Amino acid sequence: MKIGTIDLGRFPVFLAPMEDVTDPAFRLMCKRFGASVVCTEFVSSDALVRAVNKTRRKLEISDEERPVAVQIYGKEVDAMTAAARIVEQARPDILDINFGCPVRKVAGKGAGAGLLRDIPRMLEITRSVVDAVKIPVTVKTRLGWDDDSKVIVDLAERLQDCGIAALTVHGRTRAQLYTGRADWTWIGRVKNNPRLHIPVIGNGDITSPQGARECFDRYGVDAVMIGRGSIGRPWIFKEVSHYLETGEVLAPLSFEWQLDVLRREVIDSVARLDERRGIIHIRRHLAATPLFKGIPNFREVRIAMLRAESVGELFRIFQSLTPTA
Ligand SMILES: Cc1cc2nc3c(=O)[nH]c(=O)nc-3n(C[C@H](O)[C@H](O)[C@H](O)COP(=O)(O)O)c2cc1C
């Protein structure tokens with residue numbers, strides 16, 4: 001599969017853009033474990049245009065994480081176009097447009113998935129952004145606004161006509177938010193439309209190597225994208241890419257090895273922010289990790305972990321969990 005001139009091989013596995021999760025350190029970690037493409041969290045076009053410092057910093061990328069995409073969102077054609085030009089100066093490999101965010105503060109204001117209710121505007125934004133930059137532009141969206149408006153098959157063609165280089169489909173509607181199951185049959189319909197030539201990246205609920213394989217085999221997608229399955233488990237990219245390339249399940253990664261990865265995440269997070277904010281930031285990963293499931297006193301340990309306020313305290317808890325301790 002190719003996005004523009006970027007060749008991603010036979011079974012590309014993307015890291016999904018996730019607000020407050022896909023920071024530079026996490027992206028690099030996922031990349032090293034085998035993610036084919038990583039993406040920033042969504043970046044507000046309005047804030048970019050206003051040159052808000054915190055927002056501009058979201059454009060910081062490193063060569064080691066390439067190919068990397070920067071994702072923008074917004075509902076104004078002019079701001080999105082201007083933001084695209086600003087993003088291009090940060091030299092990402094891909095510019096992704098978010099037409100899928102369902103949260104009220106975004107979709108309710110007509111941006112993100114809100115544009116599924118204003119397709120002409122969505123297409124105008126897409127055309128304008130594609131025309132404004134030289135790097136490949138991709139779009140990430142959902143099946144439609146709600147059950148009665150699953151427009152994705154037709155919409156995919158129209159987005160293709162705007163000149164995008166690939167399309168990511170999250171198999172839910174806006175109304176579903178993150179509930180229910182992603183409906184991959186719709187993703188399959190998009191992919192199997194003979195008029196659609198651009199690559200389709202399927203997204204939603206992939207949490208295992210076998211699950212990823214099934215998405216390629218049953219629905220014919222060109223790539224898969226993993227989001228929540230990587231939180232607290234960035235090594236999922238190692239497991240998935242190994243299985244896709246060899247057809248064999250990777251030998252189990254030791255508890256100690258996985259714990260070391262989590263330690264690294266804590267250290268990276270604290271280095272990027274500061275001890276207090278870094279620990280708060282990484283709690284989501286510690287809460288989600290499958291690593292501690294099944295250990296004795298799981299509940300108490302989890303509570304203690306999520307209450308820890310210093311790296312020392314956290315690492316002492318980790319140490320107490322190692323099988324040799
Ligand atoms: C915490 C969180 C933050 C997210 N932020 C974004 C975002 O910034 N841009 C975006 O396109 N999708 C965002 N998403 C949606 C994911 O990219 C993905 O489409 C969704 O989680 C479904 O994939 P999954 O089942 O593999 O998690 C976010 C999801 C989560 C859980």
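Residues numbered from 1 in each chain as written. Predicted model: local features only at pLDDT ≥ 70, side-chain atom pairs only at ≥ 80, totals over all residues.

**Student:** So what about the domain arrangement of the chain? Which residues, and what values?
**Tutor:** One can read the domain layout of the chain as domain 1 (2-246) and domain 2 (255-321). Using only C-alpha atoms to locate each centre, domain 1 and domain 2 end up separated by 29 Å. The interface is formed by eight residues belonging to domain 1 together with 12 residues belonging to domain 2. Its residues assigned to classes, the side of domain 1 that touches domain 2 comprises five nonpolar, one polar and two charged. (Domains from an automatic or database assignment. Contact = placed C-beta atoms within 7 Å. Nonpolar A, V, L, I, M, F, W, Y, C, P; charged D, E, K, R; others polar.)

**Student:** Which residues make up the sheet that holds strand β4 (residues 38-44), and what are the values?
**Tutor:** Taken together, eight strands build an open sheet; the order of strands is β3-β10-β9-β8-β7-β6-β5-β4 and the sheet is parallel. Looking at the sheet topology across the chains shown, the edges are occupied by β3 (13-15) and β4. On average, each strand axis in the sheet is inclined to that of its neighbour by 25°, with strand direction left out of account. Two elements, strand β9 (residues 200-203) and strand β10 (residues 223-226), share three bridges in a ladder whose sense is parallel. By the bridge assignment for β10, G202 is matched with V224. Helix α1 (residues 24-32) contacts β3, β4 and β5 (68-73) of the sheet and is inclined by roughly 155° relative to β4. Lying over the sheet, helix α8 (residues 184-191) contacts β8 (166-170) and β9, oriented at roughly 180° with respect to β9. (Pairing = 2+ DSSP bridges. Helix = DSSP H or I, 4+ residues; strand = E, 2+ residues; numbered from the N terminus. Axes fitted to C-alpha atoms, helices over the stretch in contact; angles between N-to-C directions.)

**Student:** An account of the nonpolar core is needed here, citing residue identities and associated values.
**Tutor:** Counting 73 residues, the largest nonpolar core has V13, F14, A35, I72 and V224 as the members making the most contacts within it. Beyond its immediate sequence surroundings of up to four residues, V13 is in contact with G34, A35, S36, A212, A223, V224, I226, F237, V240 and S241. In this structure, V266, I282, L286 and L314 belong to the second largest nonpolar core, which totals seven residues. (Core = buried A, V, L, I, M, F, W, Y, C linked by C-beta atoms within 7 Å. Buried ≥ 20, exposed ≤ 12 C-beta atoms within 10 Å, placed from the backbone.)

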